[in-house]
Every structure is written in structure tokens, then in C-alpha cells.
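# Observations on the model geometry
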Amino acid sequence: MSRISSVLTTVVATTACVCASASPAAATGPVVSRGVTIPAFYTPSAELPPGNGELIRHEPLRLGLSLPGLGGRRLPGTATRLMYTSTDSNGEPVAVTGAYIEPSARWKGAGPRPLAVVGSGTMGQGDQCAPSLALERPLTLTGRTVSFGYETLAVYRLLATGAAVVVTDYIGLGATDRLHTYVNRVDEGHAMLDAARAARSVPGASVTAASRVGMYGYSQGGGASAAAAELQRTYAPDVPLVGTYSGAPPADLTEVTKGIDGSALAGALGWSINGFAQAAPVLRDVVEANLNDAGRKALKDISTTCVGDAILGYGFTRSSKWTKSGKSVGEIIAGEPAAQAVLDDQRLGRLRPTGPVRVVTGVQDDIVPHAQARQLAVDWCEKGADVTYKAVRLPNLGDKLLTNHLVPLLTDQGDAVAWLADRLAGKAARSDCGTLPAQR
């Protein structure tokens, strides 16, 4: 078995493409991504309703993994596909897709049924990779794309607690009118907070404006949940956020870029470049001036890939092969102050999060480096936040293979769900800020 093939068995991930293409929303026929026809539901209308978190449209969503339940209700719940409004990092209105699941499990706590907002780990940049589509089709395996809904286990464990769950596809993933902006903290944070707002309007939903809300995410999702916790106070004070789980958060993209370049998930660097090039023209100009023909071709192709495609097609590629000078993309950006400022603006930890937060990072993680994730916990503690911190200590399971990044997601997931369930039940959290300096 080849090295890349063995890595594919551990599919999971993190990070984000300079692609100029016609807007798919302008197409007269169905949008097709790597041979997968995207349902018409995912194409936004030209005009969006005003406001954030407004439900634009909805339809029943068949869960790909479910069982018959009592009284005709299927387990673990009844799902609805969503499209709702949000605001992107440039202040422009945008349509976001996702899914809401009303659980079959009864809520046994006090107050109305709470809501867990799930930000998925890295799925890719092609619209066929959208988390809501993965709930419907847990495995997409064709001759041109490979996508696996690995977050389904976490979603179902949250539903089993009696909490409702809403999953966001993030901005531009699924919705066919733009490219997914990947690890853009503002886009992700807004998408998660507005998903909480939209869930209240879903027909048949038991959550209300008074429902406690928790944020849940690992890897890309860990960065998204962290961003939501930081932005809630100013962007969505009406969302009663009571707890945030942030696993392996890409808090410092400069350091994360070093981790993914040349790794099994090297394609994620392309997703990042493409996303920020779309949102930040200054970075786009720098990258376009330095790409060679191979780089341009790679970034265009990467813009339609899912995690499996990226591993098979670009695993262990170094970005120096994509540039005219032979320098890495990270080195080029570091040498251009205006472009570096775009990444610096994405740094998490500069704002105090709302409510208690739980930060988890594997000490061997070399894809989303451990040190920068731990620093997020330190930064939040220094701002007076209520931080529960956990360093997952495992042996080195293979440099740059994704295993050091993936395994903590699985080994800690039960504790992560239990911690968030306690916050949704109104239980107080215990801060580790006093002992954090001794934890590495």
C-alpha cells in the first residue's frame, strides 16, 4: 500500500484557493462539481432577505444513517436542510446552507431544549463536500471525488444527550454562488452564530430564543467555534451562548501554514489561498504574481476537491513547487507585509470569548501545531476567560500523516460531548487557568 493510500484510511482534517471562475449561480443549468450534481436547493437567489440568521428556504433532509424509532419517528432525529442569511468578512450579505436535526431523544434538563451548533472539521472546498450533504450521503465515492462524513458520530452523540443540533456548511461550501472561504474566522464565526438564529425558525423545531446554545468543533470546526465565541458579544448578543468546545483550533494561520505544507493534507494550503484570495484582493495579487503554471493549475483543481481528493492528488506536496522562485507560499507571504497582515488579522485569542470554553490539543499534532493551539488557551486566560484546557498525550503516530491530528479527535470526543452537554444543562465549568502554565 502506498504512503498516500494508507493516509486516506485516516481521512479527517483542517485548513483552505486563487481561482477565478464564473459564478456558478449564474449558470443556467445544474451545478456539477467533479461529476456530482449539486441539488438546486444550494443555489441562492439573487436577492436575499434582510437580517442575519433569517431562514431563506428549507426542505426535509433524509439522514443517510438512521433507524426506525417508536411512534414513527426515526432515530436519531428528524432532519431539515436549511439555507439562511449571514454576513461575510467584507460586510456583505451572503446565503449559507446547513442542516437542523430535531432529536428523537427527550430533553431531561431544565428549560427549553438546548441547541448545539456544529462546525465541521475540514471537508474540502468543492460544493459536493458540504457537511449537510455528508449527513445525507455519508460516503461519496466516485471516480473523481472522495468525501466521508466523519463528523456524523459527533453529531449523533450530541443528539443522544437530548440537545437539538444545527450543522453549518460555512460560507461558500454547498452554496454555489461563491468559493468556500475555508478558515476565515469572521466568515466561520458568523456562519455558526447565524445557524443558531436560523434554527429557531425551522418548522417543528423545539428550540426557542431562550434555549441555551453551545458551539462544538474540531480542527477547522475548532477554529470556527472559537471565532463564534469571540464574536458573539458584538455580532450576536441575542444568542445565549453557554459553552464552546474548540478542539485543535487553527488559531495562528502562519504557524498552521508551516504545519500543512508538505503534509498529507498539503492541499489544504490551496484551500486557504483560494479562500483568502477571494476575500482579500491584496493577498490574491501577491500570490498570483508569484505562482508558476503548475501552481495555477493546482489551485484551480484544488478548489473543487474534498479531503480524500486532496490527499490522493496533493498529499506531501510542497508549495515551493507552485512558485516561480521556489520559495514556499508561506515565505512569500511573510515577505509581503500587506499579505501577511491578512493572515495576522485571522489570529484567534485577541478577543475574550463569551462563556466557558474548552480547548483541546494533541501534544504531537504537527498539522495544526500543538503550541499555537495551547497559546489560544493562554491568551484567553490572560483576558479573564473561563478556560478548561486539555493536552492529549499520545505517542508520535507518524510525522505529517494526519494521524497525530486525527486520533485526539476520536479519543477525546466522548469527554468533549459530555463537557458541552453539562454546559447546555446549566452546570458550571471549572477553569484550568490557574494550572495552565504547568501544562504543556
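You'll find the structure just up there.
Rules behind the numbers
- Positions within a chain are numbered from 1, following the residues in the order the chain's sequence is written.
- Whole-chain, interface and lining totals are the exception, using all residues; otherwise, since this is a predicted model, local features are given only for residues with pLDDT of at least 70 and side-chain atom pairs are given and counted only at 80 or more.
- By convention in this description, side-chain values take in all heavy atoms of the structure and omit both hydrogens and water.
- Every case where a carboxyl oxygen of Asp or Glu lies within 4 Å of a side-chain nitrogen of Lys or Arg is listed as a salt bridge.
- Strands are runs of DSSP state E lasting at least 2 residues, helices are runs of H or I lasting at least 4, and numbering of each runs from the N terminus.
- The classification of residues rests on relative accessible area computed with a 1.4 Å probe and restricted to protein chains. Under 20% of the type maximum is buried, over 50% is exposed, and intermediate values are partly exposed.
- Stacked, tilted and edge-to-face are the three classes applied to pairs of Phe, Tyr and Trp rings, where Trp contributes its six-membered ring and a pair requires centres within 6.5 Å; stacked means planes under 30 degrees apart, edge-to-face means over 60, and tilted covers the rest.
- For a lysine, the NZ atom is tested; for an arginine, the CZ atom; a charge sits over a ring if that atom is within 6 Å of the ring centre and within 35 degrees of the ring normal.
- As a rule, the C-alpha atoms of each element are fitted with a line to give its axis, helices using only the stretch in contact, and angles between N-to-C directions run from 0 to 180 degrees.
- Crossings are classed by handedness, with left-handed meaning an anticlockwise turn of the near helix from the far one by less than a right angle and right-handed meaning a clockwise turn.
- We call two residues in contact whenever any of their non-hydrogen atoms come within 4.5 Å of each other.
- Three classes are used: nonpolar for Ala, Val, Leu, Ile, Met, Phe, Trp, Tyr, Cys and Pro, charged for Asp, Glu, Lys and Arg, and polar for all others, with Gly counted as polar.
- Residues adjacent in sequence count toward polar contacts only when both atoms are side-chain atoms; beyond that, a polar contact is any pair of N or O atoms within 3.5 Å, and within protein one must be able to donate a hydrogen and the other to accept it.
- Method remark: on a 1 Å grid restricted to protein atoms, a set of points is classed as a cavity if a 1.4 Å probe fits but cannot get out and as a pocket if it is open with protein on both sides within 12 Å along at least five of seven lines; lining residues have an atom within 4 Å of a point.
- Grid points are joined across faces, edges and corners, and a volume is the space filled by probe spheres set on the points.
- Strand pairing requires that DSSP identify at least two bridges connecting the strands.

Glancing now at the pattern of salt bridges. Taken as a whole and assessed by the stated rule, the structure comprises 19 salt bridges. With a closest N to O distance of 3.2 Å, E255 and K258 form a salt bridge. Taken together, the positions of E255 and K258, both in helix α6 (residues 253-260) and three residues apart, correspond to about one turn of that helix. Judged by relative accessible area, which is 53%, K258 ranks as exposed. If you follow the salt bridges from partner to partner, you end up with D194, R197, R200 and D238 in one network.

For the structure shown, the criterion picks out three aromatic pairs. Between Y182 and W271, the ring centres sit 5.7 Å apart and the planes meet at 70 degrees, which makes this aromatic pair edge-to-face. Here Y182, found in the loop between β11 (164-168) and α4 (185-199), pairs with W271, found in helix α7 (residues 267-279); they are 89 residues apart in sequence, far enough to count as distant. Given a relative accessible area of 0%, Y182 falls into the buried group. For the ring pair Y216 and Y245, a centre distance of 4.8 Å and an interplane angle of 45 degrees mean the geometry is tilted. In this pair, Y216 is assigned in strand β12 (residues 213-218) and Y245 in strand β13 (residues 241-247), connecting sequence segments 29 residues apart. One residue, R197, lies across the ring of Y235, its end atom 5.3 Å from the ring centre.

Take the packing of helix α3 (residues 152-160) against helix α14 (residues 403-424) next. Closest axis-to-axis distance for the α3/α14 pair is 10 Å, and the angle between their directions is 40 degrees. Read as a crossing pair, α3 and α14 show a hand that is right-handed. On the side of α3, the interface is formed by L153, A154, R157 and L158, while α14 contributes Q413, G414, V417 and L420. Looking at the contact of α3 with α14 residue by residue, the class counts come to five nonpolar, two polar and one charged.

Backbone geometry follows two general trends: most residues other than glycine have a negative phi, and most peptide bonds adopt the trans configuration. P76 follows L75 through a cis peptide bond whose omega is 10 degrees. In the Ramachandran plot, Y170 falls in the positive-phi region, its phi being about 70 degrees despite a non-glycine side chain. Within the fold, Y170 resides in the loop between β11 and α4. In this structure Y170 comes out as buried when scored by relative accessible area, which is 1%. You will see that A248, though not glycine, has its phi angle at about 45 degrees, which is positive. As for its placement among the helices and strands, A248 is situated in the loop between β13 and α6.

Structurally, S45 is set in the loop between β2 (36-38) and β3 (55-61). The exposure class assigned to S45 is partly exposed, which follows from its relative accessible area of 40%. For the pair formed by S45 and R137, sequence separation is 92 residues and the distance between their alpha carbons is 25 Å. For S45, the side chain forms a polar contact with the side chain of R57, separated by 3.2 Å.

All right, on to empty space enclosed by the protein then. For the largest cavity, the calculated volume is near 110 Å³. Lining the largest cavity are 13 residues, and of these T257, L269, S272, F276 and L343 lie nearest its centre. Breaking the lining of the largest cavity down by element, the ones donating at least two residues are α6, α7 and α11 (329-334). The element contributing the most residues to the lining of the largest cavity is α7, with four residues. Per-class residue counts for the lining of the largest cavity are ten nonpolar, three polar and no charged. Estimates place the volume of the second largest cavity at around 70 Å³. Lining of the second largest cavity is provided by S120, M123, P131, A134, L135, G149, Y150, E151, T152, V155 and V167. Taken together, the elements giving at least two residues each to the lining of the second largest cavity come down to α2 (131-136) and α3. Of all the elements, α2 adds the most residues to the lining of the second largest cavity, at three residues. Residue classes in the lining of the second largest cavity are distributed as seven nonpolar, three polar and one charged.

Moving on to the pairing of strand β8 (residues 115-119). Judged by how many residues are buried, β8 sits mostly within the fold: five of five residues are covered. The two faces of β8 match: L115, V117 and G119 on one face and A116 and V118 on the other face are all buried. Here five bridges tie β8 to β11, and the two strands are oriented parallel to one another. Across the sheet, residue L115 finds its bridge partner in β11, namely A164. Where β8 and β12 come together, five bridges link them in parallel fashion. Bridging across to β12, G119 finds its partner in G217.

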